[in-house]
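A look at the structure
Single-letter residue listing:
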Amino acid sequence: MQRKFTLKSTDPLALLGSRDSNLRLIRESFDAKIVVRGDTLLLEGEPSELKQLEKLFSELTAVISRNGGLTQSDIETLVHLLKNEKPVAKSLPSDQVIVHGRKESVRPRTEGQKRYYNSVLMNDIVFCIGPAGTGKTYIAVAMAVGQLQAHNVDRIFLARPAVEAGEKLGYLPGDFREKVDPYLRPLYDALNDMMPADKLRKMMEQGTIEILPLAYMRGRTFNNAFVILDEAQNTSANQMKMFLTRLGVHSKAIVTGDITQIDLPEKRASGLVQIQQVLDKVKGIAFIYLDEKDVVRHRLVREIILAYDHFEEKQRKEQDDRLSGEEGKSPEDEHE
């Protein structure tokens, strides 16, 4: 059987390597024949291998697009993952249990959460934006734990920017762990709801689950992992770009945040606000928006959110009316 794979906008040298070093490494891993004709790869072999090769080259071109190039480790990791890949359903019933927690099973409870859940199944990167109490972080952690338990990923990484109230880690007392724990506590709490304490402790000691401040992700690549960035409204544009380019092969990422609760200094734009315009048309990336109808905390939380929305809308209207009135004034009116 034969198939063609077109390189499109990918630099052949970046994909195939200097003197075809990357291509040789790929050929050694498959029985199928791979012939290069300009910007087209001719693949010949068994249907199952051709399917793996098409997915391999698609993933490798995505890595080049994100990171600007390939390493031997990128290729070896992805080849290993593809050859040992288990079939995963792309769409499951929306009342499906995400993970069995210590006290109760975690499952989507609102229409918005069901969209969120299914979107994560069908996309490699999902941004979930919504107010407090909508289950953004909780569902993200549940899906990560579920994927780990199903052996679909090897590791979980959870990160948060440590910028609340404008504080910086270096000015806080204590060692590294004591400095970051207050910022990361919500992630620990979610994990504790879903896993026995002794098992969670062991996985964290082994590095299977890692919770870290966003700043400590720089320079790392996360392969075959489930990566979560929480409170992303408090990331700068550069931090958001840094986080997204850490994603390695065969990995998923969820980015959560509430753009109405930005704690960044006024002069810095939120990376979560900007990224909605940057990535809105990129295939494989989805944006899910939750609102007060998806709040699953105390019934008054929904009313509080609505009250704040009403108050802020009233303030905006009063400000607009005031500005319109000032613009309508003539110079004579001002002198009077």
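Everything below is about the structure shown above.
Below you will find a few notes about this structure.

Thresholds, definitions, all that
- Residues numbered from 1 in each chain as written.
- Predicted model: local features only at pLDDT ≥ 70, side-chain atom pairs only at ≥ 80, totals over all residues.
- Heavy atoms only, no water.
- Helix = DSSP H or I, 4+ residues; strand = E, 2+ residues; numbered from the N terminus.
- Buried < 20%, exposed > 50% of the residue type's maximum accessible area, 1.4 Å probe, protein only.
- Areas by Shrake-Rupley, 256 points an atom, 1.4 Å probe, with all protein chains shown as cover.
- Phe/Tyr/Trp six-rings, centres within 6.5 Å; stacked < 30°, edge-to-face > 60°.
- Pairing = 2+ DSSP bridges.
- Axes fitted to C-alpha atoms, helices over the stretch in contact; angles between N-to-C directions.
- Contact = heavy atoms within 4.5 Å.

**Digging into the overall build of the chain**
Across its full length, the chain carries 12 helices and 11 strands. Among the 336 residues that make up the chain, the fraction classed as buried is 45%. Of the accessible surface of the chain, which amounts to about 19,100 Å², a share of 48% is contributed by carbon and sulfur atoms.

**Concerning the packing of aromatic side chains**
Each aromatic ring pair is summarised here by two numbers: the centre-to-centre distance and the angle between the ring planes. For the structure shown, the criterion picks out three aromatic pairs. With 5.7 Å between their ring centres and 35° between their planes, Phe5 and Phe57 make a pair best called tilted. Here the residue Phe5 occupies a position in strand β1 (residues 2–6), and Phe57 occupies one in helix α3 (residues 47–67), the gap between them amounting to 52 residues. With centroids separated by 4.1 Å and ring planes inclined at 50°, the aromatic side chains of Phe157 and Phe222 adopt a geometry described as tilted. Of this pair, Phe157 sits in strand β7 (residues 155–160) while Phe222 is found in the loop between β8 (209–213) and β9 (225–229), placing the two residues 65 residues apart along the sequence. Looking at Phe222, the relative accessible area reads 2%, which means it is buried.

**Digging into the sheet that holds strand β3 (residues 40–44)**
An order of β1-β3-β2 is seen for the three strands of this open sheet, with the pairing classed as antiparallel. Only two strands of the sheet have a single partner each, and these edge strands are β1 and β2 (33–37). Averaged over all pairs of adjacent strands, the angle between their axes in this sheet comes to 20°, without regard to strand direction. Strands in contact with α3 are β1, β2 and β3; relative to β1, the strand with the most contacts, it is inclined by about 5°.

**Let's talk about the sheet that holds β7**
In spatial order, the strands read β8-β7-β9-β10-β6-β11; together these six strands make up an open sheet with parallel pairing. The two strands at the open ends of the sheet, each matched to only one other strand, are β8 and β11 (285–289). Ignoring strand direction, the axes of neighbouring strands in this sheet form an average angle of 15°. Relative to β11, strand β6 (residues 125–129) is paired through five bridges, and the arrangement is parallel. Paired with Ile125 across the two strands is Ile285, which belongs to β11.

**Overview of unusual backbone geometry**
Positive phi outside glycine occurs at Arg19, with the angle close to 55°. Mapped onto the fold, Arg19 is located in the loop between α1 (12–16) and α2 (21–29). One non-glycine residue, Asn224, adopts positive backbone phi at about 45°. Secondary-structure assignment places Asn224 in the loop between β8 and β9. For Asn224, a relative accessible area of 6% translates into the label buried.

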